[in-house]
Amino acid sequence: MTTVLITGANRGVGLALVKEYATGGDQVIATCREPAKADALNSFAMASNGRVRILPLEIADEVSIASLKRVLADEPIDIIINNAAINGTPKEQTYLRIDGENYIHAVRVNALGPMLLSQALFANLRRGTAKRLVAITSSYGSIGRDWDRTVTAHERYAYRASKAALNMGMRSLSRDWAEFGVIVGIIEPGWVRTDMGGKSALETATSISAEESARGMKDCISKLTPETSGIFQRFWGEVLPW
Ligand SMILES: NC(=O)c1ccc[n+]([C@@H]2O[C@H](COP(=O)([O-])OP(=O)(O)OC[C@H]3O[C@@H](n4cnc5c(N)ncnc54)[C@H](OP(=O)(O)O)[C@@H]3O)[C@@H](O)[C@H]2O)c1
């Protein structure tokens, strides 16, 4: 039996991942900021025959991470999926003006939180069988990729920096935790029709549903090996430049 922990599990890609794993027979620890308000997640969990357990987690809060660790104690976890993130809008983060507090907060949520959570649950991961640590990242975190200024990349300095920092942290863990058998996935989920994907995702043929993304990511995570650990890739295998 595989146990999967997912952050930001109440909506978007996170909720779709919960459904994908639980429907496939896995045990899911679904974390979110406000379980009492997570209606869709609660409904799914209630019908899941005990496969989905919901626990609170505010990824920007170290006390919340420590509380989650206390609840989980030494329970083995096979796969940790760091999915929760913010895009940092509508506060300014453009080439003309950056809102400093907002920038720091985006880095805290998107880059620092996943590192602290991963470290807090390192012993749980080592007790699991699959030992997979996953970060849902974004091609916006690629420094090597050029940008079409007609899209929103130039409005997302905080988001882009935070995802680049996330990539660096996870790449580092992939090297330092290899000796413990931990395999790290740094995976971009596609352009997904969620709140974060935005209105334009609804209008383009190149976007995908959260369900398609979750299916693809589950497949990608299952195919990770020590050789592909720490590679920055889209879920369909395309390797992205750092
Ligand atoms: N959608 C896309 O096109 C796209 C493209 C590239 C990468 N991604 C990445 O894919 C992942 C999922 O994105 P999505 O499209 O599903 O986004 P979304 O629909 O905006 O959902 C974001 C999730 O993160 C949670 N979250 C935000 N801040 C949090 C915090 N401080 N603590 C705990 N949870 C928090 C949200 O919870 P609340 O409901 O409590 O706010 C929500 O569950 C993210 O890592 C994102 O960067 C998405």
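Preceding this paragraph is the structure being described.
Please read all numbers here as calculations on a predicted model, not as lab measurements.

A.B. asks: Can you help me understand the site of the ligand in this one?
C.D. replies: What surrounds the ligand is a group of 28 residues, the closest being Asn 10, Arg 33, Glu 58, Tyr 159 and Thr 194. Contact distances for the ligand include 3.4 Å between an oxygen atom and a backbone N or O atom of Ala 85. Contacts to the ligand include Ile 136, whose backbone N or O atom sits 3.5 Å from an oxygen atom. Look at the ligand: alone it shows 900 Å² of surface, and the protein chains cover 93% of it. In the shell around the ligand, the residues fall into 13 nonpolar, 9 polar and 6 charged.

A.B. asks: Is there a simple way to think about the packing of helix H3 (residues 62-72) against helix H4 (residues 100-120) in this case?
C.D. replies: Pairs of packed helices are described in terms of their axes, by the angle between the two and the distance that separates them. It is the contact of H3 with H4, at a shortest axis distance of 10 Å, that shows an interaxial angle of 30°. Judged by the inter-axis angle, H3 sits roughly parallel to H4. Between H3 and H4 the crossing geometry is right-handed. Across the interface between the two elements, Glu 62, Ile 65, Leu 68 and Lys 69 from H3 touch Arg 108, Gly 113, Leu 116, Leu 117 and Ala 120 from H4. The residue inventory of the contact of H3 with H4, partitioned by class, reads 5 nonpolar, 1 polar and 3 charged.

Here is what the cut-offs are and how they apply
- Residues numbered from 1 in each chain as written.
- Predicted model: local features only at pLDDT ≥ 70, side-chain atom pairs only at ≥ 80, totals over all residues.
- Heavy atoms only, no water.
- Near = heavy atom within 4 Å.
- Polar contact = N/O pair within 3.5 Å; in protein donor to acceptor, adjacent residues only side chain to side chain.
- Areas by Shrake-Rupley, 256 points an atom, 1.4 Å probe, with all protein chains shown as cover.
- Nonpolar A, V, L, I, M, F, W, Y, C, P; charged D, E, K, R; others polar.
- Axes fitted to C-alpha atoms, helices over the stretch in contact; angles between N-to-C directions.
- Helix = DSSP H or I, 4+ residues; strand = E, 2+ residues; numbered from the N terminus.
- Parallel < 35°, antiparallel > 145°, perpendicular 65-115°, else oblique.
- Left-handed = near helix turned anticlockwise from the far one by under 90°.
- Contact = heavy atoms within 4.5 Å.

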